[in-house]
Amino acid sequence: MSASVRIPTILRTYTGGAAEVTADGATLQDVLDSLDAQYAGIAARVLDDNGALRRFVNVYVNDDDVRFLEGLATPIADGASISIIPAVAGG
Amino acid sequence: MTVTASPAIGSAVALKCRECGTRYPLDASYACYECFGPLEVAYELGNVTREQIESGPNSMWRYEALLPVVPGADARPGLQAGFTKLVRADNLARELGVKSLWIKDDSGNPTHSFKDRVVAVALENGRRLGFETIACASTGNLANAVAAAGARAGLKSVVFVPSNLEAGKIVTTAVYGGTLVAIDGNYDDVNRLCTEVAASRDWGFVNVNLRPYYAEGSKTVGYEVAEQLGWRLPDAVVSPVASGSLLTKVDKAFREFIDLGLVADHPYAIYGAQATGCSPVSQAFNSGQDVIRPVKPDTIAKSLAIGNPADGPYALDVVRRTNGAIGDVTDEEVVEGIKLLARTEGIFAETAGGVVVATYRKLLREGRIDPSAETVLLNTGDGLKTLDAVEATSKPTMVISPSYDEFEAEYSKVVS
């Protein structure tokens, strides 16, 4: 399965400045592994030492926060759109 | 990225990651390159005296030595927010059976909510960094504040809100003439879109790329409470919780005042208040969790309807450290809270204020807050902005013809 992944500014040093890249995988975990194979070190910025999503990063699959889906086990359909976005609050 | 000869802004010296401590220059950034953690302003606070503060302007700029702003903010175009009334609430105290109660009434700000404070600090930094457009994601109050402050400062404004906001908050934003973008989605959707827009536009988003500065503006609520009590800390504060930022900044303000020797070190407890229909922080607190599980908001307290609160973990830390608590109340109780405050103290709070009053009452009934503790309730906004919350239950007592006999007859029925 191939998905497009939107990369936040602070991770673009890994992608050579690219704001959107493609990666493969049946689940979000697989996609992150695929990203890391292309851009070494990028997954460790999104995941903590235990391999869980970092507290202040939000990941969306087709506009849904993966915390409302199945987290890293969220299935990724072919052509899915994934966004990695730093958490910010406001009001 | 390292800090290279970044000039200090007042007493602010750097941005610092709250999670891993990495330091950055004082520019428009908000997330740590190392760990995505939120950046916060780091200070080297010099000697600040009560006299120095008391001789300052009657606005939040009396505390500018403790804020990340270029000195002289009072003289630059802005809304002169803050220094709102601290009202002694004896009637409400009597009704609730508590000893000493105050309302910090931030509905008295220029656009009638505490958001004028945070926007003031963000605007100062937006101007310093050369932005010509200020922007925000908002649940309404912030929208008002950004649109008005932009107008006063002569900057363009672009404000993003959920399209289902209260009509009062749409009108009170649009009237200032900036661009108002209504989005078919909830606040978390709006926030997410703004994060993406902020990455591609050269705009100063007050609560995205200017967020570290913006958040510091909330400290002035805490400073004012302490000064207005006669340079001392209360026993307890009850704060509404949306993102969780205000609650944590009130705590930060109290600790800074203690460290600076401006008030005596006095134990205080900080309590949080949420609407049950959007209570992720209350749920985490009451189930003993450290992790906040996001929710889809469903409450009339729209100014608190942030389902994925970024400062929630820090709010939990503060409440636990100070031996406070977090409670939540139903929409029906929110309306009761608004009406109770209005009836006893003549203060018409917006829904967030209703959440605070109702949560305080509930915590008292549950024995989770000490009735003898001198307590300050934060009212963060004006009831005129959320009329629809109380419309159905706030009607004329009677509708009569202009007839003396009819008045006497009808009035005798309601007053026995």
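None of the values given here were measured: they were computed from a predicted structure.

When you go through chain B residue by residue, the secondary structure sums to 14 helices and 13 strands. The 416 residues of chain B split such that 60% are buried. Nonlocal contacts in chain B, meaning residues at least 24 apart in sequence, comprise 68% of its contacts between residues at least 6 apart. Of the roughly 15900 Å² of accessible surface on chain B, 51% is carried by carbon and sulfur atoms. If you average the places of the 40 positive and of the 51 negative side-chain charges in chain B, the two averages end up 2 Å apart.

Here we take up the environment of S2 of chain A. Residue and element names in this part refer to chain A. Positionally, S2 belongs in strand β1 (residues 2–6). On the basis of relative accessible area, S2 is assigned to the partly exposed category, the value being 31%. As a C-alpha pair, S2 and I85 span 83 residues in sequence and 20 Å in three-dimensional space. If near-sequence neighbours (up to four positions away) are discounted, S2 is found in contact with T22, A23, D24, A77, D78, G79 and A80.

If you want to describe how two helices pack, look at the angle between their axes and the distance between the axes. Residue and element names in this part refer to chain B. Where helix α4 (residues 141–153) contacts helix α5 (residues 167–174), the two axes come as close as 8 Å, and the packing angle between them is 10°. If you check the angle between α4 and α5, you find them roughly parallel. Every residue of α5 that contacts α4 at N141, A143, N144 and A147 is listed here: K169, T172 and T173. Looking at the contact of α4 with α5 residue by residue, the classes come out as two nonpolar, four polar and one charged.

Within the open sheet, the four strands sit side by side as β8-β7-β6-β9 (chain B). Their pairing is parallel. The open sheet terminates on both sides in strands that have one partner only, identified here as β8 (179–183) and β9 (204–205) of chain B.

Analysis parameters
- Residues numbered from 1 in each chain as written.
- Chains lettered and ligands numbered in written order.
- Predicted model: local features only at pLDDT ≥ 70, side-chain atom pairs only at ≥ 80, totals over all residues.
- Heavy atoms only, no water.
- Helix = DSSP H or I, 4+ residues; strand = E, 2+ residues; numbered from the N terminus.
- Buried < 20%, exposed > 50% of the residue type's maximum accessible area, 1.4 Å probe, protein only.
- Contact = heavy atoms within 4.5 Å.
- Areas by Shrake-Rupley, 256 points an atom, 1.4 Å probe, with all protein chains shown as cover.
- Lys, Arg positive; Asp, Glu negative; His and termini not counted.
- Charge placed at Lys NZ, Arg CZ, Asp CG, Glu CD.
- Axes fitted to C-alpha atoms, helices over the stretch in contact; angles between N-to-C directions.
- Parallel < 35°, antiparallel > 145°, perpendicular 65-115°, else oblique.
- Nonpolar A, V, L, I, M, F, W, Y, C, P; charged D, E, K, R; others polar.
- Pairing = 2+ DSSP bridges.

Remember, this is a structural readout, not a statement about activity or role.
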